[in-house]
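One letter stands for each residue in the lines below.
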Amino acid sequence: MKKRMPGEVSVLADIAKIFRFPADRRLLLGPGDDCAVLRHSPARELVITTDELVEGTHYLARFAAPEDLARKLMRVNLSDLAAMGAVRPVACVVGAGLRRDTAPDFVRRFIRELKKEALRFKLSVAGGNLAGARENHFYMTVWGEAAMGELVLRRGAAPGDLLLNIGALGEAAAGLEILKAGKAAEIKKYSGLVRSFWQPRPMLEAGRLISRHKLATAMMDNSDGLLSSARDLARAGRARVILSPGEGACSPELRGYSAGKKKDWRGYAISGGEDYGLIFSARPDKLSRIKKSLPGVAVVGRFEAGCGVEIENFDGKVKSFGHF
């Protein structure tokens, strides 16, 4: 019998184990966090990440305009920089694998929008690569700079810490559901949820504030859903996390959409991915300062001694996104 691809967690564990270079003193942080970190100069660190959009995995061609893809590709990569704290984007390289039947105008529109995004976020497109492919996919590597000591890592959460979220929660999953259903009236009515799927907002300023004011003990961006993000922070901190997202974590639009579908909004918030807000842990005595510095932040759980994840007051089915 043909063996199946191992799960994403297993593959990532192998990567982290195999790609260790203890002799490379320039590599300050390797596999296992949102970005890699290299020593750039005595006072500066180079922060690097890469991500991609694959047709059939991250989007369907029937509802994906080239402008949507260019915006999302840039923003999901910048979200990784935001998750590391006070990082200034510098430049990126971009590549694509394209089917032979891809329209030339599609490519030109993608490139034009990518330039707009680069100007919006003040970084340069420094080059890239093109190749033929069976399914279209687009990828980017982006790098930024940070001052020494200003990065926030995934490890650091401890029993007694709170779990917090800043940014959309559950909206992208609802937006994708709407796009897949393809009902024009619903797409128009819930345009904010659709926009959350296509145009996530990299929380660069929030990351800078959290870092420079020492507000978090650990942090990552919420790419695969609250359940997955919380589990990763708990595992990195060797702690147990209790999820309990309250009403303050849900936007009015998601609440209205969920009610219309007769679903619990927490199902979208807990399982849904691709929101790209920031999930972070913090000491309880920092909460008042966090709320003052970051309007819209919500407490979505807490850390305790032990291991694993528990969800309070929710009986629905939960799952987390996996690439395989």
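What counts, and where the lines are drawn
Residues numbered from 1 in each chain as written. Predicted model: local features only at pLDDT ≥ 70, side-chain atom pairs only at ≥ 80, totals over all residues. Heavy atoms only, no water. Core = buried A, V, L, I, M, F, W, Y, C linked by side-chain atoms within 4.5 Å. Buried < 20%, exposed > 50% of the residue type's maximum accessible area, 1.4 Å probe, protein only. Helix = DSSP H or I, 4+ residues; strand = E, 2+ residues; numbered from the N terminus. Contact = heavy atoms within 4.5 Å. Pairing = 2+ DSSP bridges. Axes fitted to C-alpha atoms, helices over the stretch in contact; angles between N-to-C directions.

Caption draft 1: Here's a closer look at the nonpolar core. Leu69, Met74, Phe138, Leu163, Trp198, Leu278 and Phe280 are the most contacted members of the largest nonpolar core, which totals 86 residues. Considering every element that reaches this core, the biggest residue donor is helix α2 (residues 66-83), with eight residues. In this structure, Met74 is in contact with Cys92, Leu114, Glu117, Ala118, Phe121, Leu123 and Met140, ignoring residues within four places of it in sequence.

Caption draft 2: How the structure looks around the sheet that holds strand β5 (residues 124-132). Strand order across the open sheet formed by six strands is β1-β2-β3-β6-β4-β5, with mixed pairing between neighbours. In this open sheet, the two edge strands, each paired with only one partner strand, are β1 (27-29) and β5. Neighbouring strand axes in the sheet, compared pairwise and without regard to direction, differ in orientation by 20 degrees on average. Sheet topology places β1 next to strand β2 (residues 36-39); two bridges connect them, and they run antiparallel. Pairing of Leu29 across the sheet is with Val37, part of β2. Against the sheet, α2 contacts β3 (44-54), β4 (88-98) and β6 (137-147), and its axis sits at roughly 145 degrees relative to β3.

Caption draft 3: Broad picture of unusual backbone geometry. With a phi angle near 55 degrees, Lys262 is a residue other than glycine that sits in the positive phi range. Relative to the assigned elements, Lys262 resides in the loop between α9 (252-260) and α10 (265-271). Among the residues examined, Lys262 registers a relative accessible area of 79% and is labelled exposed. Its identity as a non-glycine residue notwithstanding, Tyr276 has a phi of 60 degrees, on the positive side. Along the chain, Tyr276 falls in the loop between α10 and β10 (278-282). By relative accessible area, Tyr276 is classed as buried at 7%.

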